[in-house]
Amino acid sequence: MFTCKPMLCSNVENLSPQVIRQVAKELADLSSNPPEGVKVFPNEEDITDIQARIEGPAGTPYAGGVFKMKLVLGKNFPTEPPKGFFLTKIFHPNVANNGEICVNTLKKDWKPELGIKHILLTVKCLLIVPNPESALNEEAGKLLLEQYDDYSTRARLYTEIHAKPKPKEEQSNVRDKSSDGPIAKKHAGDKFAGEKKIIPVDKKKKEKKKVLKRL
């Protein structure tokens, strides 16, 4: 049975040195000067496998989410467009269940001079303005056209479950901060009061009045 290492199975060996240099230059530019809401993670071992993270645009059901995606450059790139996939599960008319992205830039409107940056910005725009006419997810496309509120609710739910960043470090920091908050201090005060038994000011005044009456 034929097997091969990932590096050998990539399309790097099929691309011309000129194309490889051009892609490497563009990825370097994107890494040092990324578009707003987009971050690129080049694969040093395989330049044909480009991964990125796109922040869900404000005012959309994807707001607050961070969506991982990748572009796969085929052996005929840039004559043929790359394939785009969402690695983060998303409810969107133009994203299939396997994550494949359907957008005209990666289909009939592709031009060899279009770069990686243009593709990433187009995908980000797709989160703002979906195209139900070329839906890969028919249910999402139908809801978008006929019951937008239901579509928006489902998309927000997917975003909340699959795309909201939940780093363990952030969670631990939140717990640390909350332990120093007002509630924690209140409990600490209660404990201290129980040990030392602090007498309220009003009670002290009453006791003082009783003493004065006796005099």
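By the naming in an unreviewed UniProt entry, the protein chain goes by E2 ubiquitin-conjugating enzyme and is assigned to Octopus sinensis. In its Pathway (unreviewed entry) section, UniProt records this for the protein chain: "Protein modification; protein ubiquitination." In UniProt, the protein chain has this text filed under Sequence similarities (unreviewed entry): "Belongs to the ubiquitin-conjugating enzyme family."

Engineer: Would you mind showing me how to read the packing of helix 4 (residues 138-146) against helix 5 (residues 148-163) here?
Structural biologist: Think of two packed helices as two axes; the pair is described by the angle between the axes and how far apart they sit. It is at 6 Å that the axes of helix 4 and helix 5 come closest, and there the two elements cross at 135°. By the angle between their axes, helix 4 is oblique relative to helix 5. Between helix 4 and helix 5, the contacting residues are Glu139, Ala140, Leu143, Leu144 and Glu146 on the first element and Tyr148, Asp150, Tyr151 and Arg154 on the second. Partitioning the contact of helix 4 with helix 5 into residue classes produces 5 nonpolar, no polar and 4 charged.

Engineer: Even after reading the chapter, I still don't get the UniProt feature "active site" (unreviewed entry) in the protein chain, so can you show me in this structure?
Structural biologist: Annotation from UniProt places "active site" (unreviewed entry) at Cys102. Relative to the assigned elements, Cys102 resides in the loop between strand 4 (83-86) and helix 3 (116-128). Residue classification places Cys102 among the buried residues on the basis of a relative accessible area of 13%. Aside from chain neighbours lying at most four places away, what touches Cys102 is Asn94, Lys107, Leu126, Ser134 and Leu136.

Engineer: Can you help me understand the pattern of salt bridges in this one?
Structural biologist: A side chain with one charge may pair with a side chain of the opposite charge, provided their charged atoms come close. Overall, the coordinates contain 4 salt bridges when judged by the stated rule. We note a salt bridge from Glu100 to Lys107, for which the minimum N-O separation is 3.7 Å. Glu160 is paired through a salt bridge with Lys164; the nearest N and O atoms lie 2.8 Å apart. By relative accessible area, which is 42% here, Glu160 ends up partly exposed.

Engineer: Whenever I open this one, the pairing of strand 1 (residues 38-42) confuses me. Can you help?
Structural biologist: Within a regular strand, the side chains alternate between the two sheet faces. Direction of pairing for strand 1 relative to strand 2 (residues 49-55): antiparallel, over a ladder of 5 bridges. If you follow Pro42 over to strand 2, its bridge partner there is Ile50. Linking strand 1 to strand 2, which pair antiparallel, is a turn of 6 residues.

Engineer: Explanation requested: the nonpolar core in the structure shown.
Structural biologist: Note on soluble globular proteins: their nonpolar side chains tend to be buried together. Within the largest apolar cluster, 38 residues are counted, with the highest numbers of intra-cluster contacts made by Val23, Ile50, Met69, Phe77, Phe86, Ile116 and Leu120. Going through the elements one at a time, helix 2 (17-32), strand 1, strand 2, strand 3 (66-72), helix 3, helix 4 and helix 5 are the ones with two or more residues in this core. Examining the composition of this core, we find that 6 residues originate from one element, helix 3, more than from any other. Discounting chain neighbours no more than four positions away, the residues touching Phe86 are Phe67, Lys68, Met69, Val95, Gly99, Ile101, Val123 and Leu127.

What counts as what
Residues numbered from 1 in each chain as written. Predicted model: local features only at pLDDT ≥ 70, side-chain atom pairs only at ≥ 80, totals over all residues. Heavy atoms only, no water. UniProt positions renumbered as here; feature names shortened; annotations may be inferred. Axes fitted to C-alpha atoms, helices over the stretch in contact; angles between N-to-C directions. Helix = DSSP H or I, 4+ residues; strand = E, 2+ residues; numbered from the N terminus. Parallel < 35°, antiparallel > 145°, perpendicular 65-115°, else oblique. Contact = heavy atoms within 4.5 Å. Nonpolar A, V, L, I, M, F, W, Y, C, P; charged D, E, K, R; others polar. Buried < 20%, exposed > 50% of the residue type's maximum accessible area, 1.4 Å probe, protein only. Salt bridge = Lys/Arg side-chain N within 4 Å of Asp/Glu carboxyl O. Pairing = 2+ DSSP bridges. Core = buried A, V, L, I, M, F, W, Y, C linked by side-chain atoms within 4.5 Å.

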